[in-house]
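Coordinate inspection notes
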Amino acid sequence: MSFSARTKAELCEIEPKKDCCLRAECYGAWLFSRCFTLLDAAFTTESAPAARRMLELAGAAAGVSGELTYAFSRRKKPSYRVTLPDAAARRQLLETFGHTGRESSLGINRAVLENDCCTASFLRGAFLSCGAATDPQKDYRLEFSVPYQKLANGLYTLLREVEVFSAQPLLASRRGGYAVYWKDGGQIEDFLTWIGAPKAAMELMQVRMYKEARNDINRKANFETANMDKTYSASARQIAAIAAISDGMGLGALPEELAQLARLRLEHPDMTLRELSAALGISRSGANHRMQRLLELGEKLLKDQISE
Ligand SMILES: [Zn+2]
């Protein structure tokens, strides 16, 4: 089952506690179905619980009954279709929410959202009807896809008024309609919790925390790799200088304290300067000073070789 389908199934387990909220959810669900007019009222979904709930809500809120049919889509996914074949039922449902069905385009009738408690229920209905949540393993995205501009604007405005959390959704027009959406994991979690899907919100949060922890580890690993590169390139430069000394005059011609460090470096190309100093029982700055003398001498010899 997809993340979207799991979320919808979770939302459909909620028992509406108050009549006002039941009406609000029913309104959200039918208003955001693709088709809600006097001529036709229909809704297609991949979620069986959402399809059943559309009918239950219509029955409970307006006393109308409809039909549920089942088919396989071209992609072999089950598809549920809810319709109100009876014209009187369509009129009844529209009028319950203050619409005639003859409006050129429907907007949100705010009078249905009588009380503050109703907004979350209304949005739950809207999500069941036209919402989708991307699997958080792939991306953070929750969107309502709305076919009509007036309705998309109404939803966008309503969401921005929600004071429970700072909703701040985005609105985009695209081929065949409009999208009202979030791309922020934290805001999606807040929204899912608020409309009654805390399990889905928790799933999203766990994925997000796991990803953040993994990014942290990657950042640290990159940092260590970068440091290792530094050690190696410094070491390579030192070895080149020491090799030039060895070729040009022989390590035996060096003062003993320099010769010791030079031999140790040749034997241990991967040691840091601190480790070299520890092995010699001298301070890091002492080792650094000696290494600088080796580098100067070796690089001077290299330069002379090249210019010869
Ligand atoms: Zn209410």
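Residues numbered from 1 in each chain as written. Predicted model: local features only at pLDDT ≥ 70, side-chain atom pairs only at ≥ 80, totals over all residues. Heavy atoms only, no water.

Focus on the coordination of the zinc ion
Going by this rule: The donor set covers N, O and S atoms within 2.8 Å of the metal, switching to 3.2 Å for Na, K and Ca, and it leaves out water, so a site may look short of donors. Each label reflects the angles at the metal, where four donors whose angles all fall between 85 and 135 degrees are tetrahedral, four or six donors whose opposite pairs open beyond 155 degrees and whose other angles stay between 65 and 115 are square planar or octahedral respectively, and the rest are irregular. By definition, any uninterrupted DSSP run of H or I lasting at least four residues is a helix, any uninterrupted run of E lasting at least two residues is a strand, and each is numbered from the N terminus. Using a 1.4 Å probe on the protein chains alone, a residue whose accessible area is under 20% of its type maximum counts as buried, one over 50% counts as exposed, and one in between counts as partly exposed.
Only Cys20 (SG), Cys21 (SG), Cys117 (SG) and Cys118 (SG) from the protein reach the zinc ion as donors, at distances of 2.3 to 2.4 Å. Each of the four donor atoms around the zinc ion contributes to a set of angles spanning 98 to 129°, which defines the coordination as tetrahedral. Mapped onto the polypeptide sequence, the residues donating to the zinc ion form the spacing pattern C-C-x95-C-C. Placement of the pair is Cys20 in helix α2 (residues 19-31) and Cys117 in helix α5 (residues 116-130), with a sequence separation of 97 residues. The class of Cys20 is buried, set by a relative accessible area of 11%. The exposure class of Cys117 is partly exposed, given its relative accessible area of 28%.

Looking at the sheet that holds strand β4 (residues 78-83)
Under the convention used in this document: Only strands joined by at least two bridges in the DSSP assignment are considered to pair. Any two residues whose heavy atoms approach within 4.5 Å are treated as being in contact. Axis lines are fitted through C-alpha atoms, for helices just across the contact stretch, and the angle between N-to-C directions can take any value from 0 to 180 degrees.
Spatially, β1-β2-β4-β3 is the arrangement adopted by the four strands of the open sheet, whose pairing is antiparallel. Lying at the two open borders of the sheet, with one neighbouring strand each, are β1 (35-36) and β3 (67-72). Pairing of β1 with strand β2 (residues 41-45) involves two bridges; the strand directions are antiparallel. Note that in β2 the partner of Phe36 across the bridge is Ala41. Here helix α3 (residues 48-62) sits on the sheet in contact with β2, β3 and β4, set at roughly 5° to β4.

Observations regarding the pairing of strand β6 (residues 142-146)
Of all five residues making up β6, four are buried, and the element is well covered by its neighbours. Direction of pairing for strand β5 (residues 131-133) relative to β6: antiparallel, over a ladder of three bridges. When the bridges of β6 are listed, Ala132 appears paired with Glu143.

Quick word on the packing of aromatic side chains
Put simply, the rule reads: Aromatic rings from Phe, Tyr and Trp, taking only the six-membered ring of Trp, are treated as a pair when their centres fall within 6.5 Å; an angle between ring planes under 30 degrees marks them as stacked, one over 60 as edge-to-face, and anything in between as tilted. A ring has a charge above it when a Lys NZ or an Arg CZ is no more than 6 Å from the ring centre and no more than 35 degrees off the ring normal.
Within the structure shown, the criterion is met by nine aromatic pairs. With a centroid separation of 6.1 Å and an interplanar angle of 65°, the aromatic rings of Phe32 and Phe122 are classed as edge-to-face. Note that Phe32 is positioned in the loop between α2 and β1 and Phe122 in helix α5, a separation of 90 residues in sequence. The pair Phe32 / Phe122 is uniform in exposure class, with both members buried. Taken together, Tyr27, Phe32, Phe97 and Phe122 form an aromatic cluster joined through their ring pairs. Above the face of the Tyr140 ring, Lys211 is positioned so that its terminal group lies 4.7 Å from the ring centre.

Some details on the pairing of β3
In terms of strand pairing, β3 meets β4 through six bridges, oriented antiparallel. When the bridges of β4 are listed, Glu67 appears paired with Thr83.

What about helix α7 (residues 185-195)?
Taken across its 11 residues, α7 has eight buried, putting it largely inside the fold. The set of residues buried in α7 consists of Gly185, Gly186, Gln187, Ile188, Glu189, Phe191, Leu192 and Ile195. Looking one or two residues past α7, Gly196 carries a phi angle of roughly 110°, positive in sign.

Considering the pattern of salt bridges
So the rule is basically this: By salt bridge we mean one thing: a side-chain nitrogen of Lys or Arg within 4 Å of a carboxyl oxygen of Asp or Glu.
Enumeration over the complete set of coordinates arrives at nine salt bridges. Of the charged contacts in the structure, one is a salt bridge between Glu25 and Arg53, with a shortest N-O distance of 2.5 Å. Of this pair, Glu25 sits in helix α2 while Arg53 sits in helix α3; the two residues are 28 residues apart in sequence, bridging distant segments of the chain. A salt bridge links Arg208 to Glu189; its shortest N-O distance comes to 2.6 Å. Highlighted residues: Arg208 in helix α8 (residues 198-248) and Glu189 in helix α7, separated in sequence by 19 residues. Ionic contacts of the salt-bridge type, sharing partners, join the residues Glu25, Arg53 and Arg124 into one network.

Digging into the domain arrangement of the protein
Our working rule: Domains are outlined according to an automatic or database domain assignment.
For the protein, the assigned domains are domain 1 (3-196) and domain 2 (215-307). Using only C-alpha atoms to locate each centre, domain 1 and domain 2 end up separated by 69 Å.

Structural notes on the sheet that holds β6
Here we have four strands laid out as an open sheet, ordered β5-β6-β8-β7, and antiparallel in their pairing. Two strands close off the open sheet at either side, each with one partner strand: β5 and β7 (170-174). Strand-to-strand twist across the sheet, computed as the mean angle between neighbouring axes with direction ignored, equals 25°. Where β6 and strand β8 (residues 177-182) come together, five bridges link them in antiparallel fashion. Within the sheet, the bridge partner assigned to Leu142 lies in β8 and is Trp182. Its contacts with the sheet place α5 against β5 and β6, and it is angled at close to 75° to β6. Along the sheet, α7 makes contact with β6 and β8, crossing β6 at roughly 70°.

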